[in-house]
There are 2 protein chains.
Amino acid sequence: MTVLPNTSTTASELEGMLAAAETAATDWAQRPAAGRADALVAVAEALDAAADQLVPVAQEETNLPPARLNGELKRTTFQLRLFAEMLLDGGYLDARIDHGDPAWPMGARPDIRRVLEPLGPVVVFAASNFPFAFSVMGGDTCSALAAGCSVVVKVHSGHPRLSAAVGRIAGEALRGAGAPDGLLALVYGTQAGRDALLDPRIKAGAFTGSISGGRALFDLANSRPEPIPFYGELGSVNPVFVTEAAAAARGSEIVSEFVGSYTLGAGQFCTKPGILLVPEASSMVQELSATDRPAPAKLLNERIQSGYTSSLEGLLKHDAVDSLGGTEDILAFPPAPALNITTASALLADPEGLITECFGPSALVATYQSEEELLAVARVLDGQLTATIQGEDTDAVAPELVRVLAGKAGRVLWNQWPTGVSVTYAQQHGGPYPATTAPTSTSVGTASISRFLRPVAYQGLPAHLLPGALRDENPLGVPQRVNGALSI
Amino acid sequence: MTVLPNTSTTASELEGMLAAAETAATDWAQRPAAGRADALVAVAEALDAAADQLVPVAQEETNLPPARLNGELKRTTFQLRLFAEMLLDGGYLDARIDHGDPAWPMGARPDIRRVLEPLGPVVVFAASNFPFAFSVMGGDTCSALAAGCSVVVKVHSGHPRLSAAVGRIAGEALRGAGAPDGLLALVYGTQAGRDALLDPRIKAGAFTGSISGGRALFDLANSRPEPIPFYGELGSVNPVFVTEAAAAARGSEIVSEFVGSYTLGAGQFCTKPGILLVPEASSMVQELSATDRPAPAKLLNERIQSGYTSSLEGLLKHDAVDSLGGTEDILAFPPAPALNITTASALLADPEGLITECFGPSALVATYQSEEELLAVARVLDGQLTATIQGEDTDAVAPELVRVLAGKAGRVLWNQWPTGVSVTYAQQHGGPYPATTAPTSTSVGTASISRFLRPVAYQGLPAHLLPGALRDENPLGVPQRVNGALSI
């Protein structure tokens, strides 16, 4: 693996990396899944072993506290191990075998067998807010490597030294596990990232970050002579709907948990609950106003801080918005957590102006007058990563609210909080635009591997030319759908 | 269902259809899968019963012979029945259940459950060359309806009366099966199709046709404030690689089968084998030149005929191309099947000029000097729907040729021909651009339903609020992946 200092990657350096990535992808795609799994585990072990060296660098570069960073690193290495397990299971291959059938009703059916295969070299744009879990060896890289792709990471400018260290350690571990040279490369600088995305050898892109940045790269990927899949995880407001019954039964508890969730990590989560809808008739606004908020915390970097301040100032200028508490502290450096207030009818009157992400420690409380109004707000939402209901089992509004929110969000929560995205088999971190640019995919959880795979069917091939997953004797022991029936 | 005459749909008519499609999608998505399956079967039965009425109209509008049209209708109604079966199996839902797990290694895991749900209203752009199978009630409409989406079909101008008749019969059958009004609508005219694709209520597009037309619509779908998935099946050359051993063992047989395949349906198949690579040292060119070709046949319509003639004339002007036989007949109306000849080294020198689709009854034969050259041609290919090898089991070149072609094509065939795409569980009709705009998907076969579904995860929901497929007691009897392990 090539690790460069934090200067922009030159065109000729990039050319070398892309050429190596193409060769490496061909090699890596042909490795048995067990070999790829071993390499992922080797990277996990190497990163765990280097925690004491990596976490202080991460802390210096991101202002995030050590406990959080250690937890994030643990998540990152767990993810590598979970994907290694999935490779051995083989269900992700969606192997299908149709034997020839002369009696097939539309006419004799040939022998056709279909399996998912890697797309080729992929470019991953690292995020700023999770310097381990959504960066050099984060979910995008992990799922692309697991799929059998090589990866060129565009390093985030917010943590270049950590990125170089993670890249060096991961690269050594991969090499030690026998992975091909050039399987993982790091590039620095916006131009190099764009150039990589436009290179014909690159077959997909993945991104986590802002709507404007992600949309620009999505448009770039689609502008290519050969457009490629671009998996961007962009922005989300993650609204929370508190029903009348829940407010009455657990108002104080909800207030306290909400403040904990929207201020977690200084509000720098894609899943931060940015809007809280509460009944006007309840005492929740009063309680929100009276609840202590955490102390001011430094944001990730100056660019995040200035972006946050300016969007918060914009919101405060809105006629329908008031501050719950003064505005001095919340616009300071570092900023005190902010809470603002409006009404559901104002949200409905100006959804574009008010239902909008403000990346940092702030949230907007909106009071509603009836549960019909609550449903109306749900219906005007854009695509979301998450939508949360705080409700009671007997709530009459719940079924319709769940249905509407499932049409808007990738994940619907009940009496829990959206921050903290567990890496599991059933996790879904995605959603309609602008939550992502690819609503049919997820960027967290084992299903995220599908982003980097494409189906290939083999018709009439002799057994010795078929991929192992498609052979009748099933040497890899993967789940196969044979003549339409799933067998495991 | 609204069926309009063959005049362009007006903006206000379109508005009515889109409003109805949105309401219908909400209703249809909530129907039990068994109800959707019954409706698909009802459409199949109604179309089968109307064959004698529909086929003559199709024949008048497309110049295709009755036997072919009857077979195509049978394929179309079989497809509807196969998708109905798949709905009852439920494997397409990819249901996943993760129970809460306090010992989950990265930290306590909440209860998360994930299932695929319909995207919403979809616009389908019908193709000209399969007036039943890739038109109003073709694969795109069938898979979208099965997924739980409503469909607005942009009728192909080549067969408007057939489209109206199919739309009317399908609409009545759907209504008879209790489907909501507005579930299927037909629009006429390029502008109405574009306007539908740009409408915010539409959540995906599907298309089968030319590279230029498909790319324009793909760009349009991506230009929306909310970009949406666009599944375009565009163009493919479908090259055939004859190894030296196969040429020696079965040269005459291959020649005769090849002529049958490239002239099938007057060459108007997306999977027509457009390039045949044969050993220079063999007698295959001589045999190709001597083999009788079918009689001239009218093409689908005048637009197809003039496009065909002009791209064939362009090819004949290429310095490296000669005609195998005279050029008078092949440029006539109707055109005699054309065969042209070049060399593999010419393909390598000018892939863009020579490896290009010519939609109609023509093919290009290219002679190669070594199997290394054969591999070199495989390596310069753009994305393809299919790639075919005519080989012998002992061919040393076969493993590498299969591997390279699997990286380029959605379907790799061995000693068979690509025309005729069976509707099965393992079928893959797709491929990297320009074969399609979405290399991770298929437009034929049961897996095509995935194009119109998006994952939704439910975290912590009480059982009564969960979709049936995600309940522990599995009332629908669908395959579930529970805590990572697949159970059926």
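Residues numbered from 1 in each chain as written. Chains lettered and ligands numbered in written order. Predicted model: local features only at pLDDT ≥ 70, side-chain atom pairs only at ≥ 80, totals over all residues. Heavy atoms only, no water.

1. Thoughts on the overall build of chain A
And step 1. Secondary structure assignment for chain A yields 15 helices and 17 strands.
And step 2. Relative to the compact-globule value of 23 Å for 488 residues, chain A shows a C-alpha radius of gyration of 24 Å, a close match.
And step 3. In terms of overall dimensions, chain A has C-alpha extents of about 70 × 60 × 40 Å along its principal axes.
And step 4. Residues counted as buried form 62% of the 488 residues belonging to chain A.
And step 5. Sequence-distant contacts, at least 24 apart, represent 77% of the contacts inside chain A between residues at least 6 apart.
And step 6. A total accessible area of about 16300 Å² is found for chain A, and carbon and sulfur atoms account for 53% of it. (Helix = DSSP H or I, 4+ residues; strand = E, 2+ residues; numbered from the N terminus. Rg over C-alpha atoms; globule rule 2.2 N^0.38 Å. Buried < 20%, exposed > 50% of the residue type's maximum accessible area, 1.4 Å probe, protein only. Contact = heavy atoms within 4.5 Å. Areas by Shrake-Rupley, 256 points an atom, 1.4 Å probe, with all protein chains shown as cover.)

2. Description of the domain arrangement of chain A
Residues and elements named next belong to chain A.
And step 1. Domain annotation for chain A reports domain 1 (11-234 + 439-482) and domain 2 (240-414).
And step 2. A C-alpha centroid distance of 34 Å is found between domain 1 and domain 2.
And step 3. Contacts between domain 1 and domain 2 engage 12 residues on the former and 12 residues on the latter.
And step 4. Regarding the contact of domain 1 and domain 2, the summed buried area is about 940 Å², with carbon and sulfur atoms giving 55% of it.
And step 5. Among the residues domain 1 hides against domain 2, the three largest losses belong to N63, N129 and E233. Together they make up 44% of the total. (Domains from an automatic or database assignment. Buried area = accessible area lost by both parts, 1.4 Å probe.)

3. Quick look at the interface of chain A and chain B
And step 1. Every contact between the two is made by 83 residues of chain A and, on the other side, 83 residues of chain B.
And step 2. Between chain A and chain B, a total of about 6700 Å² is buried, with carbon and sulfur atoms accounting for 61% of that surface.
And step 3. Three residues stand out in chain A for area buried against chain B, namely M106, Y425 and Q459 of chain A, and they jointly supply 11% of the buried area on that side.
And step 4. The interface formed by chain A and chain B contains 2 salt bridges.
And step 5. Here R481 of chain B ties to D89 of chain A by a salt bridge, and the two come within 3.4 Å at their closest N and O atoms.
And step 6. At the boundary of chain A and chain B, one finds 42 residue pairs in polar contact (both at pLDDT 80 or more).
And step 7. Here the side of chain A that touches chain B gets 7 residues from one element, more than from any other, and that element is strand β15 (residues 453-459) of chain A.
And step 8. Partitioned by chemical class, the residues of the side of chain A that touches chain B number 41 nonpolar, 22 polar and 20 charged. (Salt bridge = Lys/Arg side-chain N within 4 Å of Asp/Glu carboxyl O. Polar contact = N/O pair within 3.5 Å; in protein donor to acceptor, adjacent residues only side chain to side chain. Nonpolar A, V, L, I, M, F, W, Y, C, P; charged D, E, K, R; others polar.)

4. Quick notes on the UniProt feature "domain: Aldehyde dehydrogenase" (unreviewed entry) in chain A
And step 1. UniProt's entry tags residues 9-281 of chain A with the feature "domain: Aldehyde dehydrogenase" (unreviewed entry), counted in the numbering of this structure.
And step 2. For the annotated span residues 9-281 of chain A, helix accounts for 51% and strand for 15% of the residues, and the straight-line distance between the end C-alpha atoms is 58 Å. (UniProt positions renumbered as here; feature names shortened; annotations may be inferred.)

5. A word on helix α15 (residues 398-406) of chain B
And step 1. Taken together, the buried positions of α15 of chain B are A398, L401, V402, V404, L405 and A406 of chain B.
And step 2. Elements in contact with the buried residues of α15 of chain B: β2 (112-118) and β15 of chain A together with β8 (240-242), α14 (371-380), β13 (384-390) and β14 (409-414) of chain B.

6. Notes on the sheet that holds strand β6 (residues 204-208) of chain A
All names here are of chain A.
And step 1. Spatially, the 5 strands line up as an open sheet ordered β5-β4-β3-β6-β7, and their pairing is parallel. Two strands close off the open sheet at either side, each with one partner strand: β5 (184-187) and β7 (230-233). Strand-to-strand, the axes of this sheet are offset by a mean angle of 15°, without reference to chain direction.
And step 2. Where β6 meets β7, 4 bridges bridge the pair, whose relative direction is parallel. When the bridges of β7 are listed, T208 appears paired with E233.
And step 3. The sheet contacts of helix α1 (residues 11-30) involve β4 (151-154) and β5, and relative to β5 the element is tilted by about 160°.
And step 4. Helix α5 (residues 139-147) contacts β3 (122-125), β4, β5 and β6 of the sheet and is inclined by roughly 170° relative to β4. (Pairing = 2+ DSSP bridges. Axes fitted to C-alpha atoms, helices over the stretch in contact; angles between N-to-C directions.)

7. Quick word on the pattern of salt bridges
And step 1. The full count for this structure, using the stated rule, is 40 salt bridges over all chains.
And step 2. For E172 of chain A, the salt bridge is made with R168 of chain A, and the minimal N-O distance between the two is 4.0 Å. Placement of the pair is E172 of chain A and R168 of chain A together in helix α6 (residues 160-176), with a separation of 4 residues, close to one helical turn.
And step 3. Assessed through its relative accessible area of 42%, E172 of chain A is described here as partly exposed.
And step 4. For R168 of chain A, a relative accessible area of 36% translates into the label partly exposed.
And step 5. Between R403 of chain B and E400 of chain B there is a salt bridge, and its shortest N-O distance comes to 3.1 Å. Residue R403 of chain B and its partner E400 of chain B are both found in helix α15; the two are separated by 3 residues, about one turn of the helix.
And step 6. Its relative accessible area of 28% is what places R403 of chain B among the partly exposed residues.
And step 7. According to the relative accessible area criterion, E400 of chain B is partly exposed, its value standing at 28%.
And step 8. Among the charged side chains, a salt-bridge network with shared partners connects E15, D199 and R201 of chain A.

8. Looking at the side chain of N340 of chain A
And step 1. Relative to the assigned elements, N340 of chain A resides in strand β11 (residues 338-343).
And step 2. The residues contacting N340 of chain A, other than those within four sequence positions of it, are L312, L315, L316, V321, D322, S323, L324, A363, L364 and V365 of chain A.

9. Focus on the relation of the copies chain A and chain B
And step 1. Mapping chain A onto chain B is achieved by rotating through 180° and translating by 0.0 Å along the same axis, at an RMSD of 0.0 Å. Put plainly, the chains are arranged around a two-fold axis. Considering only C-alpha atoms, the part of chain A nearest the rotation axis is N222 of chain A, at 3.8 Å.
And step 2. Comparing contact sets, 100% of the residues at the interface of chain A also lie at the interface in chain B, consistent with an isologous, same-surface contact. (Least-squares fit on C-alpha atoms with pLDDT ≥ 70 in both.)

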